[in-house]
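# Secondary and tertiary structure notes
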Amino acid sequence: MTTIPKVGTLYRQRMASSVQEGVSKKSSTFVVSYRGISSAKMNILRKDLKRKKAQVLVSKTSVARIALKQAKFEDLAARIEGQMALILSNADASEVSKVLVKFARDYEGFIVRGGVLDGAFLTEEQVKTLSDLPSREVLLAKLLGTMNAPLTRFAGALNAKTREMISILKQKSEKGGS
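Presented here is an overview of the structure given in this document. (Residues numbered from 1 in each chain as written. Predicted model: local features only at pLDDT ≥ 70, side-chain atom pairs only at ≥ 80, totals over all residues. Heavy atoms only, no water.)

## Quick notes on the sheet that holds strand β3 (residues 84-89)
As summarised here, the arrangement of the 5 strands in space is β2-β3-β1-β4-β5, forming an open sheet in which the pairing is antiparallel. Strands at the two margins of the open sheet, each flanked by one partner only, are β2 (54-58) and β5 (120-122). Pairwise comparison of adjacent strand axes, ignoring direction, gives a mean angle of 20° for this sheet. The sheet contact formed by β2 and β3 spans 5 bridges and is antiparallel. Following the sheet pairing, A54 is matched in β3 by S89. Each of β1 (28-34), β2, β3 and β4 (110-117) touches helix α2 (residues 39-51); the most contacted strand, β2, lies at about 145° to it. Across the face of the sheet, helix α5 (residues 93-106) comes into contact with β1, β2, β3 and β4 while running at roughly 165° to β4. (Pairing = 2+ DSSP bridges. Helix = DSSP H or I, 4+ residues; strand = E, 2+ residues; numbered from the N terminus. Axes fitted to C-alpha atoms, helices over the stretch in contact; angles between N-to-C directions. Contact = heavy atoms within 4.5 Å.)

## What to know about the packing of helix α1 (residues 7-25) against helix α3 (residues 61-70)
Contact geometry of α1 with α3 gives a least axis separation of 9 Å together with a crossing angle of 45°. It follows from the interaxial angle that α1 and α3 lie oblique. Remark: the crossing between α1 and α3 carries right-handed chirality. Judged by residue contacts, R12, M15, A16, V19, Q20 and V23 of α1 engage V63, A64, A67, L68 and Q70 from α3. For the contact of α1 with α3, a count of residues per class yields 8 nonpolar, 2 polar and 1 charged. (Parallel < 35°, antiparallel > 145°, perpendicular 65-115°, else oblique. Left-handed = near helix turned anticlockwise from the far one by under 90°. Nonpolar A, V, L, I, M, F, W, Y, C, P; charged D, E, K, R; others polar.)

## Structural notes on the nonpolar core
Ranked by internal contacts, the top residues of the largest apolar core, which has 22 residues, are F30, L45, L49, I87, L100 and F110. If you list the elements that add at least two residues to this core, you get β1, α2, β2, β3, α5, β4 and α6 (124-132). Per-element tally for this core: the top contributor is α5, with 6 residues. Once residues within four sequence positions are removed from consideration, F110 is found in contact with V32, S33, Y34, I37, L45, L100, F103 and A104. (Core = buried A, V, L, I, M, F, W, Y, C linked by side-chain atoms within 4.5 Å. Buried < 20%, exposed > 50% of the residue type's maximum accessible area, 1.4 Å probe, protein only.)

## A word on the packing of aromatic side chains
One pass over the full model with this rule turns up 2 aromatic pairs. Look at F103 and Y107: their rings are 4.5 Å apart centre to centre, the planes differ by 45°, and that puts the pair in the tilted class. By relative accessible area, F103 is classed as buried at 5%. These aromatic residues form a ring-pair network of at least three members: F103, Y107 and F110. (Phe/Tyr/Trp six-rings, centres within 6.5 Å; stacked < 30°, edge-to-face > 60°.)

## Description of the pattern of salt bridges
For the coordinates displayed, the defined rule picks out 5 salt bridges. The residue E95 makes a salt bridge to K52 at a minimum N-O spacing of 3.3 Å. Note that E95 is positioned in helix α5 and K52 in the loop between α2 and β2, a separation of 43 residues in sequence. For E95, a relative accessible area of 18% gives the class buried. The closest approach of N and O atoms between K128 and E124, which form a salt bridge, is 3.7 Å. Linking K128 with E124, this pair stays in helix α6, spanning 4 residues, or about one helical turn. (Salt bridge = Lys/Arg side-chain N within 4 Å of Asp/Glu carboxyl O.)

## Comments concerning the side chain of S89
Along the polypeptide, S89 turns up in strand β3. When residues no more than four places from it in sequence are discounted, the contact partners of S89 are K26, S27, S28, K52, K53, A54 and V96.

## Quick notes on α3
Among all positions in α3, only V63, A64, A67 and L68 are buried. Along the long axis of α3, the arc covered by the buried residues comes to 125°, so they all point the same way. Where α3 is buried, its residues touch α1, α4 (74-78) and β3. Positioned one or two residues after α3, K72 has a phi angle of 70°, which is positive. (Arc of directions from axis to C-beta.)

What follows is the structure, given as structure tokens:
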């Protein structure tokens, strides 16, 4: 006789596989705790994170701990406490962390517990530091500007010498013509 698994068991298995898959396939994962935050405020957070191409995965604490340990993220599993959610994203982690840190500043019961960025564990303080960084696009623009600066100065110097030469030739031709 085959036994049919209970609905609760199926739910926990599906949730555990969602957590493992999300953490392993996304470049950044953040763990947050929330207490006393209304569903309307959490929906605001979800919308803000969706604009940054991040998703919110709410799970039972025990299921998330087990799933994270199985996915070899013991440090992150140790950070789970109380009502929790995982924020998963392949987008710019700096932008996602900005949303989370601002929300934590605005709402007392919301705490950023830590995260994982490209396989490296982040503490709460490191997530705050990450949120202070400029976005990826700004950093790339600064890098490009820094790389272009020597070429721009070199081209300007060459143009200056050419203008000086033309000015000298013009002055000579004006003297010679009078």
